[in-house]
Amino acid sequence: MNDFLETCNPEHRSGYIAVMGKPNVGKSTLMNRLIGAKVSIVSDKPQTTRDCILGILSEEQYQAVFVDTPGLMQPRDKLNQCLLDEALDGLRDADLVLHLVDARDASPFPEGVREAIQGAHARKFLIYNKMDLLPAGAQPAYRVPAGEYEREFSISALDGSGVEAMLDAIVAALPLGPRYYDEDILSDRDERFLTAEIVREKAYHAMGQELPYSIAVETDEFKDRANGKTFIRCILYVERESQKGMLIGKGGAALKDIGREARPEIEELIGRPVYLELWVKVRKNWTKKDHELKRLGYLKLRK
Ligand SMILES: Nc1nc2c(ncn2[C@@H]2O[C@H](COP(=O)(O)OP(=O)(O)OP(=O)(O)O)[C@@H](O)[C@H]2O)c(=O)[nH]1
Ligand SMILES: [Mg+2]
């Protein structure tokens, strides 16, 4: 997948771990906890993650490369289909799959994807997440058919309980192998991408349930200036004029809030003061058009 770095340690383990499951089950929250940094955005709205994002955990004895994926669901439109294709792509190179389910959900497989997960060559663990939301001592709602998963774990990605024991088992399941990435690299994504993602996350937080799905964000300009600040311009795309009004808010208030929330996180990410400019543009029905999905990087050529 990438150039790999030789390690002298013959006991060193490495591999790709795909984190998969329905939307909103906590995949990105878990990945961020495992990496100890925010590499993937999180919100309480379904379908927050739209790309496979690597989170790389490097220790002396192992390098675990987690692949956060979009939530698995039955596609209802073109963007949905792109997200499903992207998620299933995450399975291809995986050595291990973590199938994350909400511990309260009795039917964690969206139609048609059970076969995809079960058919993958990778080893498979079932992870019951959000255990903190069950009454003490209660069992997860889903009863696993015998033999479908090698191991099962109950965790809370939010408060961290059970995560360490799960990580020990993940590492033990990885094949012997070298480091693939430099040990100080946490993600495969660059600052422009992560900046757009932070803005998208803040826009999700600011809006109700429906609008976020219609938002896409691109970093349009990213320039270091002589005054020590980095000038960043992000464009937020929506599907309709009415959505543009909502995202901007009265007198620009909503957009200002998004910028105020995003800027400190971007500054922390790049380690420099930032001047952030946000623009909202309409790209009519972009979630339903191939050329728009291609332009925004969601529709990809696949082998
Ligand atoms: N109570 C509780 N909430 C959690 C836990 N893990 C995640 N959440 C919350 O669940 C919501 C969804 O979390 P995400 O990490 O964005 O979920 P996801 O599976 O990545 O979602 P998509 O990217 O949309 O597929 C957020 O509000 C999280 O704070 C958990 O263990 N307990
Ligand atoms: Mg996610």
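Above: the structure in question.
A. Examining the coordination of the magnesium ion (ligand 2) more closely. Surrounding the magnesium ion (ligand 2) are the protein donor atoms Ser 28 (OG) and Thr 49 (OG1), which sit 2.0 to 2.1 Å from the metal. Of this pair, Ser 28 sits in helix α1 (residues 27–35) while Thr 49 sits in the loop between α1 and β2 (53–58), placing them 21 residues apart in sequence. Residue class for Ser 28 comes out buried when judged on its relative accessible area of 7%. Given a relative accessible area of 7%, Thr 49 falls into the buried group.

B. View of the packing of α1 against helix α4 (residues 163–173). Packing of α1 against α4 leaves a shortest axis separation of 12 Å and a crossing angle of 80°. The orientation of α1 relative to α4 falls into the category roughly perpendicular. Seen from α1, the contacting residues are Leu 30, Arg 33 and Leu 34; seen from α4, they are Val 163, Met 166 and Leu 167.

C. Examining the site of ligand 1 more closely. Around ligand 1, the structure places 23 residues, and the nearest of them are Lys 27, Thr 29, Gln 47, Thr 48 and Asp 132. Within the contact set of ligand 1, an oxygen atom lies 3.4 Å away from a backbone nitrogen or oxygen of Ser 43. Between ligand 1 and Leu 158, the relevant distance is 3.2 Å, taken from an oxygen atom to a main-chain nitrogen or oxygen of the residue. With the chains in place, 90% of the 660 Å² that ligand 1 exposes on its own is no longer accessible. It is α1 that contributes the most residues to the shell around ligand 1, 3 residues altogether. Looking at the shell around ligand 1, its residues break down into 7 nonpolar, 11 polar and 5 charged.

D. Highlighting the sheet that holds strand β5 (residues 123–129). Spatial strand order, β2-β3-β1-β4-β5-β6: 6 strands in an open sheet with mixed pairing. At either margin of the open sheet sits one strand with a lone partner, and together these are β2 and β6 (151–154). Each strand of the sheet is rotated relative to its neighbour by a mean of 25°, with strand direction disregarded. Bridge analysis of strand β1 (residues 13–20) against strand β4 (residues 96–102) gives 4 bridges, and the strand direction is parallel. By the bridge assignment, Ala 18 is partnered in β4 with Val 97.

Definitions and cut-offs
- Residues numbered from 1 in each chain as written.
- Chains lettered and ligands numbered in written order.
- Predicted model: local features only at pLDDT ≥ 70, side-chain atom pairs only at ≥ 80, totals over all residues.
- Heavy atoms only, no water.
- Donors = N, O, S within 2.8 Å, 3.2 Å for Na, K, Ca; no water.
- Helix = DSSP H or I, 4+ residues; strand = E, 2+ residues; numbered from the N terminus.
- Buried < 20%, exposed > 50% of the residue type's maximum accessible area, 1.4 Å probe, protein only.
- Axes fitted to C-alpha atoms, helices over the stretch in contact; angles between N-to-C directions.
- Parallel < 35°, antiparallel > 145°, perpendicular 65-115°, else oblique.
- Contact = heavy atoms within 4.5 Å.
- Near = heavy atom within 4 Å.
- Polar contact = N/O pair within 3.5 Å; in protein donor to acceptor, adjacent residues only side chain to side chain.
- Areas by Shrake-Rupley, 256 points an atom, 1.4 Å probe, with all protein chains shown as cover.
- Nonpolar A, V, L, I, M, F, W, Y, C, P; charged D, E, K, R; others polar.
- Pairing = 2+ DSSP bridges.

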